[in-house]
Amino acid sequence: MTTFAQRAAAILPGGVNSPVRAWNGVGGEPVPIASARGAWVTDANGREYVDMVGSWGPAILGHAHPTVVQAVQEAAARGLSFGATTVREVELAEEIRARYAPAERVRLVSTGTEATMTAIRLARGATGRDVIVKFAGLYHGHSDSLLVAAGSGLATAGVPDSAGVTRGTAADTIVLPYGDENALTDAFAEHGPRIAAVITEAAPANMGTVTPPLGFNRLIATLCRNEGAVFVVDEVLTGFRAGPAGYWGIERDADLATGVDPWQPDLVTFGKVIGGGMPVAALGGRADLMEQLAPLGPVYQAGTLSGNPVAVAAGLATMRLLTDDVYAGLSRTADALATGVSDILTEAGVRHAVGRAGTLFSVFLGLAQAPVTFEQAAAQDTAAFGRLFHALHESGVHLPPSAFETWFVSHQHGHVEIEHVLDAVRAWANSETAHP
Ligand SMILES: Cc1ncc(COP(=O)(O)O)c(C=O)c1O
Ligand SMILES: NCC(=O)CCC(=O)O
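Residues numbered from 1 in each chain as written. Chains lettered and ligands numbered in written order. Predicted model: local features only at pLDDT ≥ 70, side-chain atom pairs only at ≥ 80, totals over all residues. Heavy atoms only, no water.

Participant: Sorry if this is basic, but what is going on with the sheet that holds strand E3 (residues 48-51) here?
Facilitator: In any sheet, the strands associate via hydrogen bonds between backbone groups, in a parallel or an antiparallel arrangement. Ordered by their spatial adjacency, 4 strands build an open sheet running E1-E2-E3-E13, and the pairing between neighbours is mixed. At either margin of the open sheet sits one strand with a lone partner, and together these are strand E1 (33-37) and strand E13 (397-398). When E3 meets E13, the two strands line up parallel, connected through 2 bridges. Note on E13: the bridge partner recorded for Asp-51 is His-398. (Pairing = 2+ DSSP bridges. Helix = DSSP H or I, 4+ residues; strand = E, 2+ residues; numbered from the N terminus.)

Rendered as structure tokens:
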């Protein structure tokens, strides 16, 4: 009999429509997901799992939140797509700016990839320069110039560069180790007048979760300002999830609390949460830069389904439900899970480190210290992670199928779900140390 995975692989390359969904990093065959509600997903065999993937970020309110589903149903009934501006897409853009002031102007797109790709084009168009700087192990979607030393599915596969990217394109991308102030200063000293942009994740979350070293984002901002380069902060994953104003907001609040002027991104990208599970992403930033976009300026960018009314309805309903209380709850859940998992592993004698960035966290098995660079993250014990993944799956917990991803919590992850995850981790840790 053909398994579902075999049937899928006979038509979809690798059986998937996005590589991170394959189980290549952990082994085995994925079971299709049939439905999801709250903190739980149900597979096609009717088995339920506490979901720690959350659609890779969007499901911050839990799956199928009634208010969001109702907004989508009502929007769909009014027409699926018009190809003309609607009131709600203006409202969503205003909602983004109200929470994230550096997004003075906003262009809605459908995917994070489009947002970062446009940011790079805009930075090049505005500066007349070619070179961009990115950091190894960070992921910014799959446009050519950013598919160099990339994280996420590429890190999982151990091939961080993609075939099909021309040598010329790759040569215009300078890759530096994350968090390395000297490497960054040296790159500006050597290539400064050629650098159009530096792009970074506000906090890296595609090589596992990494806490940005204190002052690193500020240093990038300063060097960009001094050299006339554009600072692109990618908050596709962290935006409105790591905290109410993304990871930038966490650093801003820390700065304001100590009387320091916060650093600012020139351009910022969002995705995931702002679509609430539907395809919405955005590029935002300084008005003078954003106004270089067509139809005002010479940098072209477009999209048949950009600002799609049904997708925007999901995003707007989601954003409006994201109150301070929701973030406080997410924070408590992330603390309980990250600390709980760590305590259990410590007690069982399983060497590990936990990476944290606001409400985001991930567990690095085999490491004594939370990593900063991709090289350090890549030294984790991925085979042990594979065993953890499968043991948890058996116990009804669905982790991202890769050691290089963040564990996502939602507002619907409560006491029951937290204890369920911790029990599963405890059972695995005890069996792991019984038969190392
Ligand atoms: C930081 C970051 N940037 C960009 C992207 C690309 O977004 P999308 O998958 O919507 O194209 C992702 C995730 O996929 C991401 O995590
Ligand atoms: N952290 C990795 C992603 O969010 C990627 C999702 C995808 O490419 O399907």
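And the narrative resumes.
Participant: Before we go on, may I ask you to explain the sheet that holds strand E4 (residues 105-109) in this structure?
Facilitator: With mixed pairing, 7 strands are arranged side by side in an open sheet as E4-E10-E9-E8-E7-E5-E6. Each edge of the sheet is formed by a strand with only one pairing partner; in this case those strands are E4 and strand E6 (173-176). Strand-to-strand, the axes of this sheet are offset by a mean angle of 20 degrees, without reference to chain direction. Examined bridge by bridge, strand E5 (residues 131-135) and strand E7 (residues 195-201) share 3 bridges and lie parallel to one another. The residue bridging Val-133 from the neighbouring strand is Val-198, located in E7. (Axes fitted to C-alpha atoms, helices over the stretch in contact; angles between N-to-C directions.)

Participant: So what exactly am I meant to see when it comes to the domain arrangement of the protein chain here?
Facilitator: Size of an interface: often given as the accessible area lost when the parts come together. Assigned domains within the protein chain: domain 1 (4-64 + 323-434) and domain 2 (66-321). For domain 1 and domain 2, the distance between their C-alpha centres works out to 25 Å. Residue-level contacts link 32 residues of domain 1 with 37 residues of domain 2. The interface formed by domain 1 and domain 2 includes 14 residue pairs in polar contact (both at pLDDT 80 or more). For the side of domain 1 that touches domain 2, the secondary-structure elements that each account for two or more residues are helix H12 (324-348), strand E11 (352-357), strand E12 (360-365) and helix H13 (374-378). Top contributing element to the side of domain 1 that touches domain 2 by residue count: E12, with 4 residues. (Domains from an automatic or database assignment. Contact = heavy atoms within 4.5 Å. Polar contact = N/O pair within 3.5 Å; in protein donor to acceptor, adjacent residues only side chain to side chain.)

Participant: Could you clarify how one ought to interpret the nonpolar core in this entry?
Facilitator: What tends to happen in soluble globular proteins is that the nonpolar side chains get buried as a cluster. Core analysis: the largest hydrophobic core is formed by 109 residues, its most contacted members being Met-52 and Ile-96. With 10 residues, H12 is the single largest residue contributor to this core. Split by domain, this core shows at least three residues from each of two domains, domain 1 (4-64 + 323-434) and domain 2 (66-321). When sequence neighbours within four positions are dropped, the list of residues in contact with Met-52 reads Leu-337, Phe-361, Val-397, His-398, Leu-399, Pro-400, Thr-406, Trp-407, Phe-408, Val-409, His-413 and Val-421. If you look at the next biggest cluster of nonpolar residues, it comprises 16 residues, including Leu-146, Val-230, Leu-283 and Leu-289. (Core = buried A, V, L, I, M, F, W, Y, C linked by side-chain atoms within 4.5 Å. Buried < 20%, exposed > 50% of the residue type's maximum accessible area, 1.4 Å probe, protein only.)

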